[in-house]
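Inside the fold
Read off the chains here:
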Amino acid sequence: MSYAVVTLKKGEGRTLKAGGAWIFDNEIESITGGFDNGSLVLVHDFDGYPMGRGFINQNSKIRVRMMTRNIHQEIDESFLRMRVKNAWEYRKTIVDTSSCRLIFGEADFLPGLTVDKYEDVLVVECLALGMEAFKETIVNLLKEVLAEDGVIIRGVFERSDANERKKEGLPKVKGWIGEPYKTEVEIVENGVHYLVDVENGQKTGFFLDQKYNRLAMQRICKGKRVLDCFTHMGTFALNAGIAGATEVTGLDISDYAVSQATENAKRNGLEDRVTFRCANVFDELPRLAEAGEKYDVVILDPPAFTKSRQATKNAIKGYREINIKGLKLVKDGGYLATCSCSHFMTQELLAKTVREAARSAHKRLRQVEFRTQSPDHPILWAADESYYLKFFIFQVVDEK
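Reading the values: rules and limits
- Here the residue numbers are simple positions, counted from 1 along each chain's written sequence.
- Residues qualify for local features only when their pLDDT is at least 70, as the model is predicted, and side-chain atom pairs are given and counted only at 80 or more; totals for whole chains, interfaces and linings, by contrast, use all residues.
- Where side-chain values are given, they derive from all heavy atoms of the structure, hydrogens and water being excluded.
- Helix numbers and strand numbers start at the N terminus; a helix is a DSSP run of H or I with at least 4 residues, a strand a run of E with at least 2.
- Per-residue accessibility, obtained with a 1.4 Å probe over protein chains only, is compared with the maximum for each type, and a residue is labelled buried under 20%, exposed over 50%, and partly exposed between these values.
- In this description, strands pair whenever DSSP reports at least two bridges between them.
- Fitted lines through C-alpha atoms serve as axes, helices being fitted only where they are in contact, and the angles separating the N-to-C directions of these axes extend from 0 to 180 degrees.

For the rest of this paragraph, the subject is unusual backbone geometry. Of note in this structure, Lys-203 is not a glycine but carries a positive phi near 55 degrees. By secondary structure assignment, the location of Lys-203 is in the loop between strand E13 (192-197) and helix H5 (211-221). With a phi close to 55 degrees, His-232 is a non-glycine residue in the positive phi region. On the secondary structure map, His-232 appears in the loop between strand E14 (225-229) and helix H6 (235-242). His-232 sits in the buried class, given a relative accessible area of 11%.

Written out as structure tokens, the structure is:
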């Protein structure tokens, strides 16, 4: 079988050569041979040196997503099984696999594909045209590999309904792959029970990436009064409650999220101490400050304020504003947990923004720890897109 050859410009492909997985349109000198969008191509450096194989898509600025550094490697079922097996063995080693991310795109060398496991249900998100051809094969291989360890998957739901699909020239897809089952799945994480709606929940239904950050907050929240902002399904609030917090309030702008969080509180027998209400956090925090409210712990887990490099400047303003407002509600000696899930809000940039917020709020911060995403969302160095979650825990001290 003959493949088209993509040749890089001289001096380009630096990210690829450092271990990354993407080749952008402006890095390419020429393409020789016929191809269809989504098909596999060979990649050569400017001087003809073989760089590997990937799939091409002229609809996207990410023109080629690499599948292998071996120019002779066939991308067949045996190859895909090896990738899937490696991903599963890694998870078995480093996380609780009852519910976890099984495949994390480029970081697992399967670009554009995400697979989350919620007990015995898999949820698949495919955001790359080239991966569409492999998607169902990978799902079947995953089921086989898990079955070898006695893990039987009863259903697979696809949540390829993100706007990023449009950039790849793909339609949005949402529905069962194979036999349908009930779309609500009960999971247990850090001792907390949740009902996950894989069909209607955000992303694939639940944010697994904060698993161990939520666990880290348990020891801090015991015996404390806690405010959980952007609570979504009540995850940080419920971890605080199960750890023994005396009073927890969760805020979210979504009525649906608040109803889910309230049901999760009942599911854990925490409804007497953990309550939720619908509110715009940016408006509610100043109102609470004006009313003289103070908390031992304030948790800020906002959605990504930017999904592009161009919008980062406005995002910084949003992060600064929410941290100023949050800091004003923390008692002297209390704690602030604050994070960003935006790839473009780097650790250094977030730290600088929080430092400025503390200065504006006349607070001094003592860093307790810095954390990132759960290791089932591995960070592949040189593939910067795989590193997105930054999570700080501070003790907050008034300037005296």
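A few words on the sheet that holds strand E2 (residues 22-24). One open sheet accounts for six strands, arranged E2-E6-E5-E4-E1-E3; its pairing is mixed. Single-partner strands in this sheet number two, and they are E2 and strand E3 (28-32). Averaged over neighbouring strand pairs, the angle between their axes works out to 35 degrees when direction is ignored. Bridge analysis of strand E1 (residues 5-8) against E3 gives four bridges, and the strand direction is antiparallel. Bridge assignment links Val-5 to a residue of E3, and that residue is Thr-32.

Here we take up the environment of Ser-78. Counting through the fold element by element, Ser-78 comes out in helix H2 (residues 77-94). In sequence terms Ser-78 and Ile-242 are 164 residues apart; their C-alpha atoms lie 45 Å from each other.

The values are spatial; any link to function lies outside them.
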